[in-house]
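Given next are the chains, with one letter for each unit.
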Amino acid sequence: VCVVVAPALSKYAICEMAKSVEIQLQGRVPEELQVPDAALRVPVASTPASLRELVAHLLSRDPAELPALQFVCESTLIRSTLEAALDASAGERVVTVEYFEALLQPSESQSYPHDDWISAISTDHHTAILFASFDGTVQAMHGAEKVLLDSRQVPVKALSTCILDDSTIMAAYGGKDRKVYLTSYDVSQRAASAIAESAAGGASIEDVCFDATGKHIATASTDGIVSVWPTRPVPASASGDAEPSTAKRRRASSKTEAAVMSIIPRFTLRAHTQSATGIRFVGEAKLVSGGHDGCVKVVDIESTSEERSLSCGKAINALDISDVSGLVVTAHADKFVRLWDPRIDAGRAVEALARKPSRCDCA
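Keep in mind the model is a prediction, meaning the values are calculated, not measured.

**Focus on the overall build of the protein chain**
Per the secondary structure count, the protein chain includes one helix and 27 strands. The 363 residues of the protein chain split such that 47% are buried. Restricting the contact set of the protein chain to residue pairs at least 6 apart, pairs at least 24 apart contribute 46%. Split by element, the accessible area of the protein chain, about 18500 Å² in all, is 50% carbon and sulfur.

As C-alpha cells, then:
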C-alpha cells in the first residue's frame, strides 16, 4: 500500500501504512512560516530534518530559506525520529506536531564584571540590561555604563521588567527585606523613579514576574506563598477614596519627594509546603509555580485556587515557561533540567533532560 504525501520529496513519496502515522503540523512561528491546516501521513521514521523539508515543501519554499526548526510531538521534543515520541495509540488518531524556530548556540561578545553575586537579570529592552545583586542594588547597564535604579540594605533576589514604551521600563523586584518594589526607568534620560512598594511580608521574595499586560505582577516567597499584585493605581471611587484592600498612597517625606503608591496583594495562596522558588503567568487567567517541595502547581487566578499539581519529588530551584510551546522548564538540585506540560494532568514531569555536571539554579 502506497501513500503519497509530498510528491516533490522522495522521503515522503512511498511508505508502508504500518510504518506511518497521520499528523497535523501546527506552527508556533510567524505567519509566513505557518503551513496549511491539513492532516498528512508521514513515516514514523521521520527526523527533524525531514519534517523541516516537509514544512518547506508545504510552503513552496527552498529548505535553505527556512530558519532552523524544532518539533514537539506528544509534549516530547523530537530529537531522533517521530516514532520515539509516539505512544501505542498514535496509529489510531491524528497526532499534533508543533514546530518553532530553534535557538542558535550562544556566544560571548562582551564581559562586564560586578563586585557581588548577580541574583537576577532582565534583557527585555534592546538597549539596556537590568540586574539585581546580593549587594542590595538594582542597576541598568548600557554597555560598560552602569546606572543605579535602587539600593537596599539586604540582597535583592528577584527582578522582572515590563516595557512600557520605547524609552521606559517598569522594574519589579524584591528580596530579603520581604518587600516588593516597582520602579520606572527612563532609558533615554538614564533616570529612575519609584512607583510603588509593599509592606514587609512574611518571607523573602524568591521570584517575581509580570503578566503580558503589565497590569499585575506575581511573586513567590520562601514561606511557600504565591501572590498577585496590581501595578497600577486604582481609580478613586465616587466618594473620592481609593477602593479598599487594593492600593493606597504613602505620604511623601518632603515636598520634593513624589508620593509612592503602597500596594497590597490581590490575593495570596500557600501553594507549596516548602519554599516557592519560581513563578510565571500562563496567559492572564493562570499561574504556574515551582518549589522546594518538588511540585509544579497550576493556580487559577479567578478562583484563587490550585487547579493542578505535578510532582517529580526533587527540589525545584528555578522555573520558566515558553511562550512558543507552552511547556514549563524547571532546574533542580539533582543536576537535572525537566520539562512539564501544565495543560495535562499527568502528575509527573514530561521529560527529564540530560544530567548536568553541577546543580541547576536557574532556568
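So much for the structure itself; the text now carries on.
**Structural notes on the pattern of salt bridges**
Side chains that carry opposite charge are capable of pairing whenever their charged atoms lie near each other. Overall, the coordinates contain 13 salt bridges when judged by the stated rule. The structure contains a network of salt bridges with shared partners spanning Asp207, Arg280 and Asp320.

**Looking at the sheet that holds strand S15 (residues 216-221)**
Ordered by their spatial adjacency, four strands build an open sheet running S14-S15-S16-S19, and the pairing between neighbours is antiparallel. Only two strands of the sheet have a single neighbouring strand rather than two, namely strand S14 (205-210) and strand S19 (267-270). Ignoring which end each strand starts from, the neighbouring axes of this sheet average 15 degrees apart. Pairing of S15 with strand S16 (residues 225-230), which is carried by five bridges, proceeds in the antiparallel orientation. Within S16, the residue paired with isoleucine 217 across the bridge is tryptophan 229.

**Observations concerning the side chain of arginine 308**
Its location among the elements puts arginine 308 in strand S23 (residues 305-311). Overall, the relative accessible area of 17% leaves arginine 308 in the buried class. Within polar-contact distance, the side chain of arginine 308 engages the backbone oxygen of proline 342 at 2.6 Å.

**A short note on the sheet that holds strand S8 (residues 137-142)**
Across the sheet, four strands lie side by side as S6-S7-S8-S9; this open sheet has antiparallel pairing. With partners counted over all chains shown, the strands left at the sheet margins are strand S6 (118-122) and strand S9 (145-151), one partner each. Taking the axes of each pair of neighbouring strands and ignoring which way they run, one obtains an average angle of 25 degrees across the sheet. Two elements, S6 and strand S7 (residues 129-133), share four bridges in a ladder whose sense is antiparallel. Note on S7: the bridge partner recorded for isoleucine 118 is serine 133.

**What about the pairing of strand S11 (residues 168-175)?**
Counting buried positions along S11 yields eight of eight residues, so the element is predominantly enclosed. Both faces of S11 are covered, namely the face carrying Thr168, Met170, Ala172 and Gly174 and the face carrying Ile169, Ala171, Tyr173 and Gly175. One ladder, built from eight bridges, connects strand S10 (residues 156-165) with S11; its direction is antiparallel. From the neighbouring strand, isoleucine 163 faces S11, where its bridge partner is isoleucine 169. When S11 meets strand S12 (residues 180-186), the two strands line up antiparallel, connected through seven bridges. Counterpart to isoleucine 169 in the pairing with S12 is tyrosine 185.

**Focus: the confidence of the model for the protein chain**
When pLDDT is averaged along the protein chain, the result is 83, and 82% of the positions lie at 70 or above. Segment residues 1-17: pLDDT under 50, and 39 contacts once partners within four positions in sequence are set aside and those in other chains are kept.

**Some points on the side chain of threonine 277**
Structurally, the position occupied by threonine 277 is in strand S20 (residues 276-282). Among the polar contacts listed, one links the side chain of threonine 277 to the backbone oxygen of isoleucine 316, at a separation of 2.6 Å. In this structure, threonine 277 is in contact with Glu206, Asp207, Ala220, Gly290, Gly291, His292, Ile316, Asn317 and Ala318, ignoring residues within four places of it in sequence.

**Brief notes about a nonpolar patch on the surface**
Where nonpolar side chains cluster on the molecular surface, the patch consists of Ile118, Ile121 and Ile129 and spans about 270 Å² of accessible area. Mapped onto the fold, isoleucine 129 is located in strand S7.

**Things to note about the pairing of strand S3 (residues 69-73)**
Counting buried positions along S3 gives four out of five residues, so the element sits mostly inside the fold. Across five bridges, S3 lies against strand S5 (residues 95-101) in antiparallel orientation. Within the sheet, the bridge partner assigned to glutamine 70 lies in S5 and is phenylalanine 100. Note: S3 against strand S4 (residues 76-77), two bridges, orientation antiparallel. Bridge pairing links valine 72 to leucine 77 in S4.

**Considerations on the state of the cysteines**
Scanning all chains against the criterion turns up zero disulfides. Here cysteine 312 is not cross-linked by a disulfide; its sulfur's nearest cysteine counterpart is in cysteine 295, at 7.9 Å.

**Quick look at helix H1 (residues 48-58)**
Within the sequence span of H1, burial applies to Pro48, Ser50, Leu51, Leu54, Val55 and Ala56. Buried residues belonging to H1 abut strand S1 (20-27), strand S2 (39-43), S3 and S5. Looking one or two residues past H1, serine 60 carries a phi angle of roughly 55 degrees, positive in sign.

**As for the packing of aromatic side chains**
Inspection of the entire model under this criterion finds three aromatic pairs. With a centroid separation of 5.9 Å and 35 degrees between ring planes, the pair formed by phenylalanine 71 and tyrosine 99 is classed as tilted. Residue phenylalanine 71 is found in strand S3, and its partner tyrosine 99 is found in strand S5; the two are separated by 28 residues along the sequence. One exposure class covers both phenylalanine 71 and tyrosine 99, and it is buried.

Conventions used here
- Residues numbered from 1 in each chain as written.
- Predicted model: local features only at pLDDT ≥ 70, side-chain atom pairs only at ≥ 80, totals over all residues.
- Heavy atoms only, no water.
- Helix = DSSP H or I, 4+ residues; strand = E, 2+ residues; numbered from the N terminus.
- Buried < 20%, exposed > 50% of the residue type's maximum accessible area, 1.4 Å probe, protein only.
- Contact = heavy atoms within 4.5 Å.
- Areas by Shrake-Rupley, 256 points an atom, 1.4 Å probe, with all protein chains shown as cover.
- Salt bridge = Lys/Arg side-chain N within 4 Å of Asp/Glu carboxyl O.
- Pairing = 2+ DSSP bridges.
- Axes fitted to C-alpha atoms, helices over the stretch in contact; angles between N-to-C directions.
- Polar contact = N/O pair within 3.5 Å; in protein donor to acceptor, adjacent residues only side chain to side chain.
- pLDDT = per-residue confidence, 0-100.
- Patch = residues over 30% accessible without salt bridge, like charges linked within 9 Å, V, L, I, M, F, W, Y side chains within 5 Å.
- Disulfide = S-S within 2.5 Å.
- Phe/Tyr/Trp six-rings, centres within 6.5 Å; stacked < 30°, edge-to-face > 60°.

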